[in-house]
Amino acid sequence: MTARTRIGTAVVLAGLALGGCTAADPPSPPATTAASRPAAPALLQQVVARTMAAKTSRFTTTSRLAAASPRDAAVWHGAFDYAGQRGWWDAQPHRTGTPGSVRRTLRIGRAVYHATLADRPARPGAPATVSGRWLKVELPAGRGELLGNSGEPTMALELLRDAARDVTTSGRAELRGVATTRYGVVLDMDRYATTLGSDGRDMLRGFQVAGTLPAEVWVDAQGRLRRLHLRLGMTFKEPAGGTTPRSVTDFTTELYDFGVPVQVTPPPADQVCSGPDC
């Protein structure tokens, strides 16, 4: 398995671990409800609430193998409307700064559209010509509707809400010109697994993601999340059998430009396809 493939697989796992599972999961054993799940520390509950209350933000999400060059990373740039559950993001090539296709995603409620751009846009989100048609996917209702949309910033908020256990102040830092407080956080992945459906739990077990792992959180003076960073250790299964040595992936989501207008319109119907024909 190549480093590029491992990065992509790690991102899919992050999307599941941070986004839950589908509504079609068997009912036994059931996932916990919002009322029954263990509460995150009060500080982080407030951070999640205040970030969502900002309504919108821009975001950058980065995923790369810890042993790889910083240039070898999957990077998403976009903007999201938390209240309206809509947004857009461009996925940059794994090797930053080199030629390669940019994949654009639009989300409008449960409808998600994916397309490869014919040319690299002047900036993330700028008008661009699509190569081929848009692939439309309908997200399932209920918990875990973000499965497969790994770049979305709401997944970082869900992880803090459902897996954070302990919080300690670890310093201060300036991010994009904004003063923040940095916190060390312990994420309890076993506890988090209880909030998932069966597919989510099976995937976490398959990649041997369990126990606790450290993370860092940066919070601004308004109590909003500015950055989440964690290192996720996992084992990959090889197609021919066996597993790779355990690898570690750096996963970072950064939020900024709160309150920015987020305008997303669906592609023209004649440029959209769905199902096996795509």
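In case you missed it, the structure is sitting above this.
A brief structural summary. Only a predicted model underlies this, so the values are computations on that prediction, with no experimental measurement involved.

Reading guide: rules and limits
Residues numbered from 1 in each chain as written. Predicted model: local features only at pLDDT ≥ 70, side-chain atom pairs only at ≥ 80, totals over all residues. Heavy atoms only, no water. Helix = DSSP H or I, 4+ residues; strand = E, 2+ residues; numbered from the N terminus. Contact = heavy atoms within 4.5 Å. Areas by Shrake-Rupley, 256 points an atom, 1.4 Å probe, with all protein chains shown as cover. Buried < 20%, exposed > 50% of the residue type's maximum accessible area, 1.4 Å probe, protein only. Pairing = 2+ DSSP bridges. Salt bridge = Lys/Arg side-chain N within 4 Å of Asp/Glu carboxyl O. Phe/Tyr/Trp six-rings, centres within 6.5 Å; stacked < 30°, edge-to-face > 60°. Lys NZ or Arg CZ within 6 Å of the ring centre and 35° of its normal. Core = buried A, V, L, I, M, F, W, Y, C linked by side-chain atoms within 4.5 Å. Axes fitted to C-alpha atoms, helices over the stretch in contact; angles between N-to-C directions. Parallel < 35°, antiparallel > 145°, perpendicular 65-115°, else oblique. Left-handed = near helix turned anticlockwise from the far one by under 90°. Expected span 1.5 Å × (residues − 1). Arc of directions from axis to C-beta.

The next thing to look at is the overall build of the protein. What the protein contains, in helices and strands, is 5 helices and 12 strands. Put simply, 62% of the contacts in the protein that link residues at least 6 apart link residues at least 24 apart. For the protein, the accessible area works out to roughly 12,800 Å², and carbon and sulfur atoms hold 53% of it.

A few words on the pairing of strand 3 (residues 86–92). Burial analysis of strand 3 places 6 of its 7 residues in the buried class, which makes it a mostly covered element. In the sheet, strand 2 (residues 74–81) pairs with strand 3 via 7 bridges, with the strands oriented antiparallel. Bridging from a neighbouring strand, Gly78 pairs with Trp89 of strand 3. Between strand 2 and strand 3, which pair antiparallel and follow one another directly, the connecting turn spans 4 residues, one of which, Gln85, has a positive phi of 50 degrees.

Close approach of charged atoms lets side chains of opposite charge pair. Summed over the entire model, instances satisfying the criterion amount to 12 salt bridges. In this structure, Arg161 engages Asp162 in a salt bridge whose closest nitrogen and oxygen atoms are separated by 2.9 Å. Judged by relative accessible area, which is 30%, Arg161 ranks as partly exposed. The class of Asp162 is buried, set by a relative accessible area of 0%.

In the structure shown here, the tally under the stated rule is 2 aromatic pairs. Above the plane of the ring of Tyr256 lies Arg176, whose end atom (NZ or CZ) is 3.7 Å from the centre. Between Arg227 and the ring centre of Trp218, over which it is positioned, the NZ or CZ distance is 5.0 Å.

Turning our attention to the nonpolar core. Among soluble globular proteins, nonpolar side chains are generally buried collectively. Among the nonpolar cores identified, the biggest contains 38 residues, and Leu159, Leu187, Leu225, Leu228 and Leu230 are the most heavily contacted of them. Looking at this core, the element that brings in the most residues is helix 3 (residues 154–163), giving 5 residues. If you look at the next biggest cluster of nonpolar residues, it comprises 15 residues, including Ile108, Ala115, Trp134 and Val260.

Axis separation between helix 2 (residues 42–53) and helix 3 bottoms out at 9 Å; the angle between their running directions is 155 degrees. When the axis of helix 2 is compared with that of helix 3, the two are roughly antiparallel. Helix-helix and strand crossings are classified by hand; for helix 2 and helix 3 the assignment is left-handed. Counted together, Leu44, Val48, Thr51 and Met52 of helix 2 and Leu157, Leu160 and Arg161 of helix 3 form the full contact between these two elements.

This paragraph deals with unusual backbone geometry. For Lys55, which is not glycine, the phi dihedral falls at a positive 75 degrees. The residue Lys55 is located in the loop between helix 2 and strand 1 (56–65) in this model. Residue class for Lys55 comes out exposed when judged on its relative accessible area of 53%. Here Asp257, not a glycine, exhibits a phi torsion of approximately 55 degrees, which is positive.

Moving on, we come to helix 2. For helix 2, which comprises 12 residues, the first-to-last C-alpha distance of 16 Å matches the rise-based estimate of 16 Å (1.5 Å per residue) to within 8%. Along helix 2, the residues classified as buried are Leu44, Val47, Val48 and Thr51. For helix 2, the buried positions fall inside an angular range of 95 degrees around the axis, keeping them on one side. Lys55 sits one or two positions beyond helix 2 and adopts a positive phi of about 75 degrees.

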